[in-house]
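Fold and contact review
Here's the letter readout for the chains.
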4 protein chains.
Amino acid sequence: MHEDGPVTTARTARPGRARSEAARLAILDATRDELAERGYDKLSLDRIAAAAGVGKATIYRWYPAKAALVAEGMLTGHLLPHLEVADTGDVRRDVLDWLRASFSTFASPAAGGLIRASIAATAEDAAVAEHYEERVTSVTRAALLARLESGRRARQIRDGAPLEALVESLIGTVLLHVVTRRDPGDAALGATVELLFDGVAARPA
Amino acid sequence: MHEDGPVTTARTARPGRARSEAARLAILDATRDELAERGYDKLSLDRIAAAAGVGKATIYRWYPAKAALVAEGMLTGHLLPHLEVADTGDVRRDVLDWLRASFSTFASPAAGGLIRASIAATAEDAAVAEHYEERVTSVTRAALLARLESGRRARQIRDGAPLEALVESLIGTVLLHVVTRRDPGDAALGATVELLFDGVAARPA
Amino acid sequence: MHEDGPVTTARTARPGRARSEAARLAILDATRDELAERGYDKLSLDRIAAAAGVGKATIYRWYPAKAALVAEGMLTGHLLPHLEVADTGDVRRDVLDWLRASFSTFASPAAGGLIRASIAATAEDAAVAEHYEERVTSVTRAALLARLESGRRARQIRDGAPLEALVESLIGTVLLHVVTRRDPGDAALGATVELLFDGVAARPA
Amino acid sequence: MHEDGPVTTARTARPGRARSEAARLAILDATRDELAERGYDKLSLDRIAAAAGVGKATIYRWYPAKAALVAEGMLTGHLLPHLEVADTGDVRRDVLDWLRASFSTFASPAAGGLIRASIAATAEDAAVAEHYEERVTSVTRAALLARLESGRRARQIRDGAPLEALVESLIGTVLLHVVTRRDPGDAALGATVELLFDGVAARPA
DNA sequence: CAGTAACCGAGACGGTACGTCGAGTCTTACA
DNA sequence: TGTAAGACTCGACGTACCGTCTCGGTTACTG
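Residues numbered from 1 in each chain as written. Chains lettered and ligands numbered in written order. Predicted model: local features only at pLDDT ≥ 70, side-chain atom pairs only at ≥ 80, totals over all residues. Heavy atoms only, no water.

1. Brief notes about the overall build of chain A
Of the regular secondary structure elements, chain A holds 10 helices and 0 strands. Shown N-terminal to C-terminal, the secondary structure of chain A runs as helices and strands in the order α-α-α-α-α-α-α-α-α-α. Taking 17 Å as the expected radius of gyration for a compact globule of 205 residues, we find that chain A reaches 22 Å, considerably beyond that expectation. Taken along the three principal axes of its C-alpha coordinates, chain A extends 75 × 55 × 30 Å. Going through the 205 residues of chain A one by one, you find that 47% of them count as buried. (Helix = DSSP H or I, 4+ residues; strand = E, 2+ residues; numbered from the N terminus. Rg over C-alpha atoms; globule rule 2.2 N^0.38 Å. Buried < 20%, exposed > 50% of the residue type's maximum accessible area, 1.4 Å probe, protein only.)

2. Points about the relation of the copies chain D and chain C
Overlay of chain D on chain C (RMSD 0.3 Å): rotation 179°, translation along the axis 0.1 Å. Overall, the copies show the geometry of a two-fold rotation axis. Of the interface residues in chain D, 98% have counterparts in chain C that sit at the interface too, so the contact is made through matching surfaces. (Least-squares fit on C-alpha atoms with pLDDT ≥ 70 in both. Contact = heavy atoms within 4.5 Å.)

3. Brief notes about the interface of chain D and chain C
With 49 residues of chain D at the interface, the matching set in chain C holds 48 residues. For the chain D and chain C pair, buried surface summed over both sides reaches about 4,300 Å², with 60% attributable to carbon and sulfur atoms. Among the residues chain D hides against chain C, the three largest losses belong to Glu124(D), Arg158(D) and Val200(D). Together they make up 15% of the total. Between chain D and chain C we count 6 salt bridges in total. (Buried area = accessible area lost by both parts, 1.4 Å probe. Salt bridge = Lys/Arg side-chain N within 4 Å of Asp/Glu carboxyl O.)

4. Focus on helix 8 (residues 163-180) of chain C
All names here are of chain C. With 18 residues, helix 8 ought to run about 26 Å at 1.5 Å a step, and its terminal C-alpha atoms sit 26 Å apart, in line with that. The buried fraction of helix 8 is high, at 17 of 18 residues. Directly beyond the C-terminal end of helix 8, a positive phi value near 60° is found at Arg181. (Expected span 1.5 Å × (residues − 1).)

5. Some thoughts on the packing of helix 6 (residues 91-107) of chain A against helix 9 (residues 163-180) of chain A
Residue and element names in this part refer to chain A. One way to put it is that helix 6 packs onto helix 9 with a least axis distance of 11 Å and a crossing angle of 25°. Classified by the angle their axes make, helix 6 and helix 9 are roughly parallel. Of the two possible hands of crossing, helix 6 and helix 9 adopt the one that is right-handed. Here Val95, Trp98, Leu99, Ser102, Phe103 and Phe106 of helix 6 come into contact with helix 9, specifically with Leu170, Ile171, Thr173, Val174, His177 and Val178. Its residues assigned to classes, the contact of helix 6 with helix 9 shows 9 nonpolar, 3 polar and no charged. (Axes fitted to C-alpha atoms, helices over the stretch in contact; angles between N-to-C directions. Parallel < 35°, antiparallel > 145°, perpendicular 65-115°, else oblique. Left-handed = near helix turned anticlockwise from the far one by under 90°. Nonpolar A, V, L, I, M, F, W, Y, C, P; charged D, E, K, R; others polar.)

6. So, helix 1 (residues 21-38) of chain D
Residues and elements named next belong to chain D. For helix 1, with 18 residues, the first-to-last C-alpha span of 26 Å sits near the 26 Å given by 1.5 Å per residue. Residues Ala23, Arg24, Ile27, Leu28, Ala30, Thr31, Glu34 and Leu35 constitute the buried set of helix 1. Where helix 1 is buried, its residues meet helix 2 (45-52), helix 3 (56-62), helix 4 (66-75) and helix 6 (109-124). Remark: Gly39 follows helix 1 within two positions and exhibits a positive phi of approximately 90°.

7. Brief notes about the side chain of Ser102(A)
All names here are of chain A. Turning to its location among the elements, Ser102 is positioned in helix 6. The buried category is assigned to Ser102, whose relative accessible area is 1%. Those residues in contact with Ser102, other than ones at most four positions away along the chain, are Leu83 and Val174.

8. Structural notes on the pattern of salt bridges
A full pass over the atoms with the stated rule returns 71 salt bridges over all chains. Across the pair Glu34(B) and Arg38(B) runs a salt bridge, and its minimum N-O distance is 3.7 Å. Of the two residues, Glu34(B) and Arg38(B) both sit in helix 1 (residues 21-38), 4 residues apart, roughly one turn of that helix. The shortest N-O distance in the salt bridge between Arg141(D) and Glu168(D) comes to 2.1 Å. Placement of Arg141(D) in helix 7 (residues 126-153) and of Glu168(D) in helix 8 (residues 163-180) is noted, with a sequence separation of 27 residues between them. Glu168(D) carries the same exposure label as Arg141(D), and that label is buried.

9. Describing the nonpolar core
Note on soluble globular proteins: their nonpolar side chains tend to be buried together. Counting residues in hydrophobic clusters, the biggest one holds 124 residues, and the most contacted among them are Trp98(C) and Phe197(C). Not counting the four nearest positions on each side in its chain, Phe197(C) is found in contact with Val91(C), Arg92(C), Val95(C), Ile157(C), Asp198(D), Gly199(D), Val200(D) and Ala201(D). In this structure, Leu45(A), Val91(A), Val167(A) and Leu148(B) belong to the second largest nonpolar core, which totals 123 residues. (Core = buried A, V, L, I, M, F, W, Y, C linked by side-chain atoms within 4.5 Å.)

10. A look at the protein's contact with DNA strand F
The full set close to DNA strand F counts 43 residues, and Tyr60(A), Thr58(C), Arg61(C), Leu45(D) and Tyr60(D) are the nearest of them. Expressed as a percentage, the sugar and phosphate content of the atoms of DNA strand F within 4 Å of the protein is 67%. In the environment of DNA strand F, a phosphate oxygen lies 3.4 Å from a nitrogen or oxygen atom belonging to the backbone of Gly55(B). Within the backbone of Ser20(C), one N or O atom sits 3.0 Å away from a phosphate oxygen of DNA strand F. Taken together, the residues of the surface near DNA strand F sort by class into 13 nonpolar, 13 polar and 17 charged. (Near = heavy atom within 4 Å. Polar contact = N/O pair within 3.5 Å; in protein donor to acceptor, adjacent residues only side chain to side chain.)

11. Regarding the environment of Ile59(D)
Within the secondary structure, Ile59(D) is located in helix 3. Discounting residues that sit within four places of it in the chain, Ile59(D) has contacts with Ile27(D), Leu45(D), Ile48(D), Ala49(D), Val54(D) and Leu69(D).

12. Re the side chain of Thr180(A)
Along the chain, the position of Thr180(A) falls in helix 9. Looking at Thr180(A), its side chain comes within polar contact range of the side chain of Arg182(A), at 3.1 Å.

13. Remarks on the packing of aromatic side chains
Counted by the stated rule, this structure contains 0 aromatic pairs over all chains. Over the face of the ring belonging to Trp62(C) we find Arg19(C), whose NZ or CZ atom lies 4.0 Å from the ring centre. Over the aromatic face of Trp62(D) sits the side chain of Arg24(D), whose NZ or CZ is 5.5 Å from the ring centroid. (Phe/Tyr/Trp six-rings, centres within 6.5 Å; stacked < 30°, edge-to-face > 60°. Lys NZ or Arg CZ within 6 Å of the ring centre and 35° of its normal.)

14. Topic: the arrangement of the chains
For chain A and chain D, which are not in contact, the least C-alpha distance works out to 10 Å. These two, chain B and chain D, are apart from each other, with no contact and a minimum C-alpha gap of 34 Å.

15. Observations regarding the environment of Gly55(D)
On the secondary structure map, Gly55(D) appears in the loop between helix 2 and helix 3. For the pair Gly55(D) and Gly113(D), spaced 58 residues apart in sequence, the C-alpha to C-alpha distance is 26 Å.

Here it is as structure tokens:
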């Protein structure tokens, strides 16, 4: 009656020197700095390696290509900050605050450069796009959707409202302004919230 | 590449050649093909020059850098198709049709690759972003806005409605799906139109 | 692209910028310095390119590989000095002087390093060996042979003497000492000349 | 004899696992194969380690550097075959046979590649050159010299003949042909022997 | 006979150099 | 004199090795 044999060693104990998590994190940090400073297509793996104090081969040992490195950085939160959606009880106000926070975050050169680099990487590479969707956008999407559903339960949002479409419009609006580098005034953000909650259709009297 | 007609008059003119517009158009065509096939950051001016039958110096005579070439290509319509906004009298339907046409256009690999390359170029380079906004987005923006104002005059849209915000949401929604390569079903497009016209707010009975 | 141009452009007048002879010479000079300092297998094309003020691609435009670069340097005399064989009327003395000059030349670190690097390149690569034989060894061989034949005409060397074998022995002796870095004394050089002229066989009384 | 405790470790046996002679021999065999196949400067310790079924650190535990490995391989006879000098009573014939055997051995691709790799290593590295001289060349030198002195005792070689110079010429001639990859005919070997025994000087009648 | 110290295969590490390719500039021959 | 062709410098790419440093694990001497 032997218990579990060497089965547990099957996965964790490879031969050879263990891979250095410290090196991996140094690479991601250096990548974030380079991306913020120079953008995606000016990214140089030579510079990243030098800045991280790492051999170039180590980068390729972890990530097969430049795009994968950027993708990994995004999904581990090393590159992009996470924005919470508050719940004050007033769903319109919480959505507006999220919009304001998003725009003020991405208005800074560093965060703006990072997000634009991520968008460029996403636009260039389908695999990166998938990572981005799964690990970044979907988190934001879910957070917004949860807040909206909470608002519906609070009877601030009507039953049957197209909440998914609302989320897409919110994120899309932010994305559009980030890409075109336009800064909407606070009034425009208010107008967006008005639009999404009240619509534009003429009301039958 | 074609021959200019009145070649025989060359004696009276200055020595040298006067054929330039054909080369310029060949460059733009080759750029469009390369962008659609390989994307922005894999764009090679050597390949473009070879494909256009043109010397590299000729490209630099017109465009100071790679980003400027892409920007110029976009604003002359060589890269991106222009989508009309119809006016059937029913503004909801016309907006929905524009959404459908946009998605079906960008779902094709060629047009999708082009628009994603443009987005990457835009995200990389502020000057390209400005060009893009001035010559491409603003055209679409104006066309949509004109249709919406026409709808307001027809009493299908209420006075004081945030039409600019609506336009941003529409374009942003399209942009988001293009970048993430997700294909919304037709039902989702209908939900987006419903959202933008009717809002989500609970109505006072 | 049409082909009704003058046929006379066939070989000498290619289109495009002419290849820079100055760059080629700078490459060879830098190669010589690197070889003398570090030897053949520590030779770095990056360093050569930097020292010559030349792009690495330019080196590869001229020479397909490291070995070919070294071979070309040798055959153009950029790497190895040429040693003359004097003709004072006394063939033994002239041969001895050539031996002395050869050893004193190759005893210096710079010339010794160069010749050893050339030997390493020759030993590594058959194509280099062929170049070396055709352009370097054969010149020395011919010069020595000419002097020996002149000595035979002066009745200092017997008819039917194996002059080619003598040349091989002379060059081989020099090569052996260069490779093993041993410095024969002057007496040993004299003994070599005595050997080659008088032989070792016992004489019938 | 009481104060210093661990002095007794001066015995041959150290604590810990003994070094594996089998691993050392596998390394030398793999080195020989790699050298014959690819030459000295393409030698890869990674490949040697893999071929020998040995960790790279084991190689460095035995040999401090690539050059030392090659040197050690040469002096243990793992890399180069040893050529005997026969003694049939006829010294001219024995020398000629040694020359023939040397050339026929080094004419084979494997032995030729090995000897050329050794020459390259020797030319590159002074320490290797010293090893080579001490353990390889000097053995051949001594064997040839012994045979020549035996010939002198048999009155086939005159007293006072420069035997060391003869040995240098013989080895140098072989070396020269190995490096330049030229194959002398049998007649040329005969001419070399004639040269070394009879000289080239005109004889006073 | 249990400890333990040096060994072992394996392979990741920081580096250096490779040979290729692309950007943007400059030069030559031709039209 | 403008254009194609293409060589130029510069610099990044992704790969291969070097020589070193861990890993987990294996002998074989020692206490």
